[in-house]
Amino acid sequence: MMDVDVDVVVVGAGPTGLMLAGELAQAGIRTLLMERRPEPSAMAKAGGLAGQILQLLHYRGELDRFRETSSGPEPAPRFPFGGLHLDFTQLGDSPMRAMLLPQPQLEGRLAERAIERGVDVRRGHEVVGLHQDDDAVTVEVRGPEGPYEVVAHFLAGCDGGRSRVRDLAGIPFAGTSLPEIERLASVTVPDPVTVLADGSLDVRGVGTIPFGYTATERGVFACSGMGGTLGVYTAEVEATEYDDDVPMTVAELSASVSRVIGIDLPLGEPLRMTRFGYSAKQADTYREGRVFLAGDAAHLFPAGGVAVNAGMLDAANLAWKLAGSVQGWAPPGLLDTYSDERRAAAERTLLHTRAQVALRRGYGPGGEALRALFLELTADEQPLRRLGALMAGTDVGAPVSEAHPLVGTFATDRALHVDHEDPRSAGMLRKGRPVLLDLADDAGLREVAGEWAGRVEVVSATIDERPADALLIRQDALIAWAAAINEPGETTLPALREALTTWFGARPGGKPPTGSGSESLR
Ligand SMILES: Cc1cc2nc3c(=O)[nH]c(=O)nc-3n(C[C@H](O)[C@H](O)[C@H](O)COP(=O)(O)OP(=O)(O)OC[C@H]3O[C@@H](n4cnc5c(N)ncnc54)[C@H](O)[C@@H]3O)c2cc1C
């Protein structure tokens, strides 16, 4: 490989770029993170983390670090879905979980993590151009001291929905944008409003406003009173374009409520105010040569609560593949699997977020009937589980594997048959390396994985009802290979060797030292 200034330039210090930079640095990759803003953004965008990323952070042994910064107790597993609330409490092992963690605090923790691992974070440095050839990518930067260039093996554009990197790489961003604005706010409860026990509101001079969603010809309104605060939501078709950096005001929200339901709803002091537009878009490819896209730069979803999860999972998928390419062990074609896998995952997210918009928009008797029927259907376990997995980003539309049904799926509590956040799996992927999880005390399998020592970890565990004799779990928690229960060594040993070669490259030279890379969670 040619001489470069750094291995990877990451553009954008949002949740995606920060996660990616931290993962790369953990793998020993020299990483430079460029952020055009001189200071971190204080904009309250996402209110928390939800979905599969929480499970991945648990496997990394980092969940507590994020939980320490959480702004409240873990929310009950009830989530908004297309103008309804899906109640996962009946499932016990809900596929969809969340942590309250406002985006500025999340980014703060992710930045700390990246810096601790050695990432060079440059704020106030804007990427304005790039060109690439077979050997490297040259990045043009406008910094506080003037323009300069950086040469790297790879560049990752995590620079948000209006991505400059995407434009510079000439990657089309197809999809729909509609003139619809959603507003979501939390305010103090003002004097004329009394919150009733079921969360509905009694408004002096107006009457009762029921808890939940109301669809009108003009748009959608929802309210809820809880813990001394008033939650208010509106969605309406409106041609105005808003700048994400310009905060919403109480007056703006009040005018929207009045347009949608024709009521002057008294509102208290703002606690959290956000607004977002409707976009359902996905980049045609997430890779153009040495340039990659991740997060909002790669996809925009038209319903809330899932984008940060998707972006951070992109980062986890991309990081180890870039690391393998820089370090020279990546098998041919590995880098291309990033775009294929994460585009397929984003298609699943687009499917349910687009459907949510249709569900919440329907008004009048037809719309009411659709929502009522949807609630009836989701009272049953199987559809509720499927929707939960979609929302969590765990359902990535992987083809059903002939080898084993778990291959191509995420390792989750449910896949592993363990309780939520089972301490035995905390930190299982702590080193950011793949793991052979030996569940049947199989010395033969451990020995084969040991041939990849330094690149692959071996972890042994006992689980009451094991889903497989062994699982090969990638750095991003996707299951790459599985040994069926009591499957004989004559088939498992060559199959494991093949899976290790397919994903983690040819066996490293030399015999590994005894016991190297092996530990026990028992
Ligand atoms: C009001 C609002 C509420 C939201 N609520 C939720 C929610 O509840 N749950 C959820 O999951 N998602 C939510 N989202 C979406 C979520 O905020 C985004 O999906 C998330 O920020 C995307 O992260 P990212 O890192 O991919 O991009 P961004 O967070 O957009 O970060 C991109 C970064 O790149 C920088 N940048 C851009 N161009 C350049 C350049 N040329 N050079 C250097 N730096 C550059 C930008 O300054 C920015 O810091 C919300 C969004 C909004 C607007």
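You'll find the structure just up there.
Just so it is clear, the model here is predicted, and its values are computed rather than measured. (Residues numbered from 1 in each chain as written. Predicted model: local features only at pLDDT ≥ 70, side-chain atom pairs only at ≥ 80, totals over all residues. Heavy atoms only, no water.)

Novice: Summarise the environment of Arg142; cite the residues concerned and give the values.
Specialist: On the secondary structure map, Arg142 appears in strand 9 (residues 137-143). Those residues in contact with Arg142 that lie beyond four places of it in its chain are Gly124, His125, Glu126, Val128 and Pro147. (Helix = DSSP H or I, 4+ residues; strand = E, 2+ residues; numbered from the N terminus. Contact = heavy atoms within 4.5 Å.)

Novice: Which residues make up the pairing of strand 8 (residues 126-132), and what are the values?
Specialist: Examined bridge by bridge, strand 8 and strand 9 share six bridges and lie antiparallel to one another. Its bridge partner being in strand 9, Gly129 is matched across the sheet by Glu140. Hairpin geometry of strand 8 and strand 9 is characterised by an intervening segment of four residues between the two adjacent antiparallel strands. (Pairing = 2+ DSSP bridges.)

Novice: A description of the nonpolar core should follow, citing residues and the corresponding values.
Specialist: One finds Val9, Leu20, Leu49, Leu155, Leu437 and Leu471 to be the most contacted residues of the largest nonpolar core, which totals 99 residues. The element contributing the most residues to this core is helix 7 (residues 307-327), with eleven residues. The next biggest cluster of nonpolar side chains, apart from the first, holds 20 residues, and it includes Ala449, Val456, Leu496 and Leu500. (Core = buried A, V, L, I, M, F, W, Y, C linked by side-chain atoms within 4.5 Å. Buried < 20%, exposed > 50% of the residue type's maximum accessible area, 1.4 Å probe, protein only.)

Novice: I'd like to hear about the sheet that holds strand 21 (residues 299-300), residue by residue, with values.
Specialist: The antiparallel open sheet is built from six strands, whose spatial order is 15-16-17-11-18-21. The open sheet is flanked by strand 15 (212-216) and strand 21, the only strands paired with a single partner. Here five bridges tie strand 15 to strand 16 (residues 219-226), and the two strands are oriented antiparallel to one another. The partner of Tyr213 across the bridge, within strand 16, is Ala222. Contacting strand 11 (173-188), strand 15, strand 16, strand 17 (229-237), strand 18 (270-283) and strand 21, helix 8 (residues 334-361) crosses the sheet at an angle of about 120° to strand 18. (Axes fitted to C-alpha atoms, helices over the stretch in contact; angles between N-to-C directions.)

Novice: Tell me about the site of the ligand, and please be specific about residues and values.
Specialist: Lining the immediate environment of the ligand, one finds 31 residues, of which Thr16, Glu35, Gln103, Asp296 and Val308 sit closest. For the ligand, an oxygen atom lies 3.2 Å from a polar atom in the backbone of Pro15. Here an oxygen atom of the ligand and a side-chain polar atom of Gln103 are 2.8 Å apart. Protein chains shield 89% of the accessible area of the ligand, which is 1,000 Å² for the free molecule. Elements with a minimum of two residues in the shell around the ligand: helix 1 (15-26), strand 2 (31-35), strand 8, strand 18 and helix 7. Sort the elements by how many residues they give to the shell around the ligand and strand 18 lands first, with three residues. For the shell around the ligand, the residue count by class is eleven nonpolar, ten polar and ten charged. (Near = heavy atom within 4 Å. Polar contact = N/O pair within 3.5 Å; in protein donor to acceptor, adjacent residues only side chain to side chain. Areas by Shrake-Rupley, 256 points an atom, 1.4 Å probe, with all protein chains shown as cover. Nonpolar A, V, L, I, M, F, W, Y, C, P; charged D, E, K, R; others polar.)

Novice: I'd like a description of empty space enclosed by the protein, backed by residues and values.
Specialist: Tallied over the full model, the rule gives three cavities of 30 Å³ or more. Its boundaries defined by the atoms lining it, the largest cavity holds a volume of some 100 Å³. Taken together, 16 residues form the lining of the largest cavity, with Ala310, Arg342, Ala345, Thr349 and Gly393 sitting closest to its centre. When grouped by side-chain class, the residues that make up the lining of the largest cavity number nine nonpolar, four polar and three charged. Size it by volume and the second largest cavity reaches roughly 70 Å³. Surrounding the second largest cavity, ten residues form its lining, Val418, Arg424, Ser425, Ala461 and Ile463 being those nearest its centre. Across the lining of the second largest cavity, the residue classes break down as seven nonpolar, one polar and two charged. (1 Å grid on protein atoms, 1.4 Å probe; cavity = no way out; pocket = protein on both sides within 12 Å on 5 of 7 lines; lining within 4 Å. Points joined across faces, edges and corners; volume = space filled by probe spheres on them.)

Geometric descriptors of this kind do not, in isolation, establish any biological role.
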